[in-house]
Amino acid sequence: MGGASTAMRAQLALRRPHPNPAALCRRAVPFCSHRSFAATLSSRAEGGEPGGELRVGAAQFTAAPCLSTNTSRIIASIREAGDAGIDLLAFAETATTGYFPETIAATHPEALHEAEGQIAEACGAAGVAAVVGTPFFSAGRCFNSATVIDRHGSIVGRQHKL
């Protein structure tokens, strides 16, 4: 790779198949069911053999202080990733609401749940797994969380920021 830039080396590294995606999952995402998520990481084709190529993408957009606007942007990114053959798409912290404390406080938990359902549906339709940063309300508390959605549109894990 001689004179290749750091970005180019990183891009080339992502194109190489990982020898054991299940082991990668256990290290990188210990908070979810490793069997369920390892199936997501295996192969885009049903019944594919583990160890195939894993294409990871990072979605970046300027978040608005509006849940519906950000949800639309997330869904559009997931569709675009599916068209590009991406297997796993990562989003920023609080991608659904933006990092706006007043927006997070004003967002109703049911609205976040509905947005999460729309995002999961988009993942299933596009065949793309995603890790989406979103506030999550539980037991009267708000958590800054990462929600893991598999390529079938099922939520398979959630990790709250400590």
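Below or above, wherever it landed, is the structure these notes cover. (Residues numbered from 1 in each chain as written. Predicted model: local features only at pLDDT ≥ 70, side-chain atom pairs only at ≥ 80, totals over all residues. Heavy atoms only, no water.)

1. What to know about helix α4 (residues 67-83)
At step 1: Between the first and last C-alpha of α4 there are 24 Å, a value that for 17 residues agrees with the 24 Å anticipated at 1.5 Å per step.
At step 2: Three or more residues of α4 are buried, namely L67, N70, T71, I74, I75, S77, I78, A81 and G82. Viewed end-on, α4 has its buried residues packed into an arc of 160°, placing them on one side of the element. Opposite the buried face of α4, at more than 90 degrees from it, the exposed residues are R79, E80 and D83.
At step 3: Along its buried surface, α4 packs onto β2 (88-90), α6 (109-126) and β3 (129-138).
At step 4: G85 sits one or two residues past α4 and shows a positive phi near 80°. (Helix = DSSP H or I, 4+ residues; strand = E, 2+ residues; numbered from the N terminus. Expected span 1.5 Å × (residues − 1). Buried < 20%, exposed > 50% of the residue type's maximum accessible area, 1.4 Å probe, protein only. Arc of directions from axis to C-beta. Contact = heavy atoms within 4.5 Å.)

2. A word on the side chain of S145
At step 1: Tracing the chain through its elements places S145 in strand β4 (residues 141-149).
At step 2: According to the relative accessible area criterion, S145 is buried, its value standing at 4%.
At step 3: When sequence neighbours within four positions are dropped, the list of residues in contact with S145 reads V132, G133, T134, F136, R158, Q159 and H160.

3. Details of the pairing of strand β5 (residues 155-160)
At step 1: Bridge count for β4 against β5 is five bridges, and the pairing is antiparallel. Residue pairing in the sheet places I149 in a bridge with I155 of β5. (Pairing = 2+ DSSP bridges.)

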